[in-house]
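Chain by chain, the residues run as shown.
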Amino acid sequence: MVKIKYALLTFDIEEFDMPLEFKQKISEEEIFERSLTGTKRILELVNKHNIRATFFVTPKFANKYPELIKEISNKHEIALHGYHEHSYNYRFIERDRALKELKKGKERLEKIIGKKINGFREPRMQKPPYSILKKIGFKYDSSLNPTFMPGRYNNLFAKRKPFFTEDIMIIPLSVTPVFRFPLFWFFFRNFGLNYGKFVTKCSLIDQEYVALVFHPWEFIDLNEFRIPYYFRRNCNVKIYQILDKYIKWCLDKKLKFISMGDYHEKNFNNNSI
Ligand SMILES: [Zn+2]
């Protein structure tokens with residue numbers, strides 16, 4: 001029997017705060033509107049293929065567009081992407097406050113969609129406080145990118161396969177064995193479709209799934225912003241087309257698109273999906 005392989009396509013639905021990082025001016029309204037436009041394009045793309053994906057949403061974005069989040073939750077999984085500002089890191093803030101704020105964020109999303117929130121991703125793929133996540137009732141975390149990102153993190157020796165920490169299932173993003181070429185948005189978009197296919201094939205050699213992440217602001221035109229070229233490259237229509245082709249390719253390869261929550265459930269309860 002051929003073993004089923006999975007595609008875990010994820011999107012971090014957050015405020016478009018990148019211009020602020022590069023000391024650019026952008027109004028609060030525009031920060032949201034840009035992400036709204038990108039989110040709608042993403043939704044159109046995944047629904048066109050009738051596949052299921054995971055949307056990690058900041059409570060700030062969800063509060064601004066609750067109807068849209070509710071609509072997304074009809075077909076896809078909604079999970080939590082931090083609380084308050086997108087640049088927060090909960091490891092460095094006081095434990096009681098982190099617990100209170102993350103709990104509030106989870107409950108807010110649950111209220112909007114009328115379902116339980118099981119997944120978490122820390123902004124900027126930083127390491128989250130697992131014991132707090134467990135206490136609040138999260139089932140899985142997908143904040144681990146097991147590769148090297150200059151100035152951000154060095155996870156070259158972290159596990160590539162899912163594992164449990166404090167009863168939380170860690171679902172890492174995909175990288176190739178040995179050299180750890182990553183598949184996340186920055187590399188996928190800069191190196192294109194063939195690179196994406198290559199990393200997918202390599203990582204599936206010894207993995208059950210391939211996991212990717214993109215953002216809504218990658219699906220809009222970023223050329224008017226003075227941000228480095230490698231952050232803008234292949235944005236807007238191009239990334240839409242690349243991802244469109246990639247999804248078709250995955251479907252041809254009989255990869256099954258499921259949410260990260262489904263994947264956790266499948267492994268935890270040993271259910272087949
Ligand atoms: Zn983010």
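As a reminder, the structure under discussion sits directly above these lines.
Scope of this entry: the structure provided in the associated data block. Since the model is a prediction, treat every value here as computed from it, not as a measurement.

1. Details of the environment of asparagine 74
Positionally, asparagine 74 belongs in helix 4 (residues 66–75). Counting along the chain gives 39 residues from asparagine 74 to isoleucine 113, while the straight-line C-alpha distance between them is 8.5 Å.

2. Description of the environment of lysine 248
Among the secondary structure elements, lysine 248 is positioned in helix 9 (residues 237–252). Lysine 248 gets classed as exposed once you count the C-beta atoms within 10 Å, which come to 11.

3. Considerations on helix 7 (residues 185–203)
The α-helix advances 3.6 residues per turn, and as a result positions three or four apart in sequence lie on the same side. Between its terminal C-alpha atoms helix 7 stretches only 16 Å, short of the 27 Å expected from 19 residues at 1.5 Å a residue. Where helix 7 is concerned, the buried positions are Phe188, Arg189, Gly196, Val199, Thr200 and Ser203. Looking at the buried positions of helix 7, the neighbouring elements they touch are strand 10 (209–214) and helix 9.

4. Some details on unusual backbone geometry
Here the phi dihedral of asparagine 50 falls at roughly 55°; this positive angle occurs in a residue that is not glycine. Relative to the helices and strands, asparagine 50 resides in the loop between helix 2 (28–48) and strand 2 (54–57). By C-beta crowding, asparagine 50 is classed as exposed, having 9 other C-beta atoms within 10 Å. If you check the backbone angles, valine 178 has positive phi at about 60° while not being a glycine. For valine 178, the location among the structural elements is in the loop between strand 9 (168–170) and helix 7.

5. So, helix 9
Taking 1.5 Å of rise per residue, 16 residues should cover 22 Å, and helix 9 covers 23 Å from first to last C-alpha, within 8% of that figure. Where helix 9 is concerned, the buried positions are Ile239, Leu243, Tyr246, Ile247 and Cys250. Seen end-on, helix 9 carries its buried residues on one side only, within an arc spanning 100°. The outward face of helix 9, more than 90 degrees from its buried face, is lined by the exposed residues Val237, Lys248 and Asp252. Packing partners of the buried residues in helix 9 comprise strand 1 (6–13), helix 2 and helix 7.

6. Some points on the pairing of strand 2
Judged by which residues are buried, strand 2 turns out to be covered on both faces: Thr54 and Phe56 on one side and Phe55 and Val57 on the other are all buried. In terms of strand pairing, strand 1 meets strand 2 through 4 bridges, oriented parallel. Bridge pairing in strand 2 links phenylalanine 11 to phenylalanine 55. Looking at chain direction, strand 2 and strand 3 (residues 77–80) are connected through 4 bridges and run parallel. Residue pairing in the sheet places threonine 54 in a bridge with glutamate 77 of strand 3.

7. A look at the packing of helix 7 against helix 9
Where helix 7 contacts helix 9, the two axes come as close as 10 Å, and the packing angle between them is 10°. Judged on the interaxial angle alone, helix 9 and helix 7 are roughly parallel. For the pair helix 7 and helix 9, the crossing hand works out as left-handed. Contacts between helix 7 and helix 9 involve Arg189, Gly192, Leu193, Gly196 and Lys197 on the former and, on the latter, Ile239, Ile242, Lys245, Tyr246 and Trp249.

So, how was this worked out
- Residues numbered from 1 in each chain as written.
- Predicted model: local features only at pLDDT ≥ 70, side-chain atom pairs only at ≥ 80, totals over all residues.
- Helix = DSSP H or I, 4+ residues; strand = E, 2+ residues; numbered from the N terminus.
- Buried ≥ 20, exposed ≤ 12 C-beta atoms within 10 Å, placed from the backbone.
- Expected span 1.5 Å × (residues − 1).
- Contact = placed C-beta atoms within 7 Å.
- Arc of directions from axis to C-beta.
- Pairing = 2+ DSSP bridges.
- Axes fitted to C-alpha atoms, helices over the stretch in contact; angles between N-to-C directions.
- Parallel < 35°, antiparallel > 145°, perpendicular 65-115°, else oblique.
- Left-handed = near helix turned anticlockwise from the far one by under 90°.

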